[in-house]
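# Close look at the chain arrangement
Each chain, written out:
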Amino acid sequence: MPGRCMALADADCALASQRVTLQLLLAAERVRQNGTEAEYVGDRVMEGLVMADLALTAFIHERMRPKD
């Protein structure tokens, strides 16, 4: 079905975005643990990355569920 194909394509793009967001979050956490204070992006950026990941997860979940 065309609608289902579009939903799966949306989910695929969102999964790629989620992977990038998680990689940024991991890199920022490693800098927090091992880098200097000047290199750390800050708690607000870390929170923003987590919130972006949560939003992507909700979007992926919604697009993966088949409509009745």
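To keep things clear, this report deals only with the structure shown in the data block. Keep in mind the model is a prediction, meaning the values are calculated, not measured. All chains use their own residue numbering, which begins from 1 and follows the written sequence. Only residues with pLDDT of at least 70 are given local features in this predicted model, and only at 80 or more are side-chain atom pairs given and counted; all residues enter the totals for whole chains, interfaces and linings. Only heavy atoms go into the side-chain values, all of them from the structure, while hydrogens and water stay out.

## Comments concerning the side chain of D53
Stated precisely, the cut-off is as follows: Working definition: helices are DSSP H or I runs of at least four residues, strands are E runs of at least two. Numbering for both runs from the N terminus. Buried residues are those whose accessible area, probed at 1.4 Å on protein chains only, stays under 20% of the maximum for their type, while exposed residues exceed 50% and partly exposed ones sit between those limits. Two residue types count as positive, namely Lys and Arg, and two as negative, namely Asp and Glu; His and chain ends fall outside the count. For this document, the term salt bridge refers to a Lys or Arg side-chain nitrogen within 4 Å of an Asp or Glu carboxyl oxygen. Every residue pair with non-hydrogen atoms within 4.5 Å of one another is taken to be in contact.
Within the secondary structure, D53 sits in helix α2 (residues 43–64). Although D53 is buried, it makes no salt bridge; R19 carries the closest opposite charge, 10 Å away. In contact with D53, other than residues within four places in its own chain, are Q18, T21 and L22.

## What to know about the environment of K67
Within the secondary structure, K67 sits in the segment after α2. Separated by 63 residues in the primary sequence, K67 and R4 have C-alpha atoms spaced 8.6 Å apart.

## A few points about the side chain of Q18
The test is simple: Pairs of N or O atoms within 3.5 Å make up the polar contacts considered here, provided that, within protein, one atom can donate a hydrogen while the other can accept it, and that residues adjacent in sequence are counted only when both atoms are side-chain atoms.
Relative to the helices and strands, Q18 is located in helix α1 (residues 2–34). A polar contact is formed between the side chain of Q18 and the side chain of T57, at a distance of 2.6 Å. Setting aside chain neighbours within four positions, we find Q18 in contact with D53, L56, T57 and I60.

## Regarding α2
Note the threshold: To estimate the expected span of a helix, subtract one from its residue number and multiply by 1.5 Å. By construction, the arc corresponds to the directions joining the helix axis to the C-beta atoms.
Across its 22 residues, α2 extends 31 Å between first and last C-alpha, which sits within 8% of the 32 Å expected from 1.5 Å per residue. Along α2, the positions that sit buried rather than exposed are M46, L49, D53, L56 and I60. The buried residues of α2 occupy an angular sector of 85 degrees when the element is viewed end-on, so they sit on one face. Along α2, the residues that are exposed and aim more than 90 degrees away from the buried face are D43, R44, M51 and L54. Looking at the packing, one finds that the buried side of α2 touches α1.

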